[in-house]
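The primary structure of each chain is shown beneath.
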Amino acid sequence: MPIDIDRFEEGSSRDLRADGRTNAETILSFLAARADRAFTQSEIADATDVAAGSVGPTLVRLRERGRVDHRGTYWRISDHVESIERAVSHASGVAASHESGQFDYDDWQAHTVDPREERSGE
């Protein structure tokens, strides 16, 4: 879809993307939503509407950054990415509970294990 010259000259890079997302964001979102499966480049292109010629280079960059895994002709979201996203989600929840006053440090301390101390039975 064509845009007028004012938007071209004054728009931010994000505003000038057709759907507001980069190819990498689109591909990662697609793969993350299907973390239990792996896909070929052509399957990713068909499912995401990212140009077929852009999928391969984008996947290579994502692999170099540890965001996706590659075996044979298949690509999937990296387990590392899933782990990080879960850790961030957990950390956000903990931070929110601290800020809201719902976190009971004394209760947590009573049930936590100090890894520096010997465990009984070892």
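Cut-offs and rules
- Residues numbered from 1 in each chain as written.
- Predicted model: local features only at pLDDT ≥ 70, side-chain atom pairs only at ≥ 80, totals over all residues.
- Heavy atoms only, no water.
- Core = buried A, V, L, I, M, F, W, Y, C linked by side-chain atoms within 4.5 Å.
- Buried < 20%, exposed > 50% of the residue type's maximum accessible area, 1.4 Å probe, protein only.
- Helix = DSSP H or I, 4+ residues; strand = E, 2+ residues; numbered from the N terminus.
- Contact = heavy atoms within 4.5 Å.
- Arc of directions from axis to C-beta.
- Pairing = 2+ DSSP bridges.
- Patch = residues over 30% accessible without salt bridge, like charges linked within 9 Å, V, L, I, M, F, W, Y side chains within 5 Å.
- Areas by Shrake-Rupley, 256 points an atom, 1.4 Å probe, with all protein chains shown as cover.
- Salt bridge = Lys/Arg side-chain N within 4 Å of Asp/Glu carboxyl O.
- Lys, Arg positive; Asp, Glu negative; His and termini not counted.
- Charge placed at Lys NZ, Arg CZ, Asp CG, Glu CD.
- Axes fitted to C-alpha atoms, helices over the stretch in contact; angles between N-to-C directions.
- Parallel < 35°, antiparallel > 145°, perpendicular 65-115°, else oblique.
- Nonpolar A, V, L, I, M, F, W, Y, C, P; charged D, E, K, R; others polar.

Asker: Please give an account of the nonpolar core that cites residues and values.
Answerer: Side chains that are nonpolar tend, in soluble globular proteins, to be buried together. Core analysis: the biggest nonpolar cluster contains 14 residues, and I27, L31, I44, V55, L59 and V68 have the highest contact counts within it. The set of elements that each furnish at least two residues to this core consists of α2 (23–32), α3 (41–48), α4 (52–64) and β2 (74–77). Take this core: its biggest share by element is four residues, from α2. With residues up to four places along the chain from it excluded, the contact list for I27 reads I44, V50, V55, T58, L59 and L62.

Asker: Explain α3 residue by residue, including any values.
Answerer: Those residues of α3 that sit buried are I44, A45 and T48. One side of α3 carries all its buried residues, which in axial view fall inside an arc of 100°. On its buried face, α3 is in contact with α2, α4 and β2. The first or second residue beyond α3 is D49, which carries a positive phi of 65°.

Asker: So what about the pairing of strand β1 (residues 68–71)? Which residues, and what values?
Answerer: Taken together, the four bridges between β1 and β2 define a ladder with antiparallel strand orientation. Bridged to D69 within β2 is R76. The turn linking β1 back onto β2 is made up of two residues, and G72 within it adopts a positive phi angle of 60°.

Asker: Tell me about a negative patch on the surface, and please be specific about residues and values.
Answerer: Where like charges cluster on the molecular surface, the negative patch consists of D4, D6, E9 and E10. For D4, the position within the fold is in the segment before α1 (5–10).

Asker: Let's hear about the pattern of salt bridges: which residues, and what values?
Answerer: Counting across every chain of the model gives two salt bridges. Between D69 and R76 there is a salt bridge; the shortest N-O distance is 3.0 Å. What makes D69 partly exposed here is its relative accessible area of 25%. We classify R76 as partly exposed; its relative accessible area is 28%. Between D79 and R76 there is a salt bridge; the shortest N-O distance is 3.1 Å. By relative accessible area, which is 46% here, D79 ends up partly exposed.

Asker: Tell me about a nonpolar patch on the surface, residues and numbers included.
Answerer: A grouping of I3, I5 and F8 is seen on the molecular surface, where their side chains present a nonpolar patch of about 300 Å² in accessible area. When you line up the elements, I3 lands in the segment before α1.

Asker: How would you sum up the packing of α2 against α3? Please name residues and give values.
Answerer: Interaxial distance between α2 and α3 falls to 10 Å at its minimum, and their mutual angle equals 100°. The pairing of α2 with α3 is recorded here as roughly perpendicular in orientation. Contacts from T26, I27, F30 and L31 in α2 reach I44, A47 and T48 in α3. Of the residues belonging to the contact of α2 with α3, the class tally is five nonpolar, two polar and no charged.

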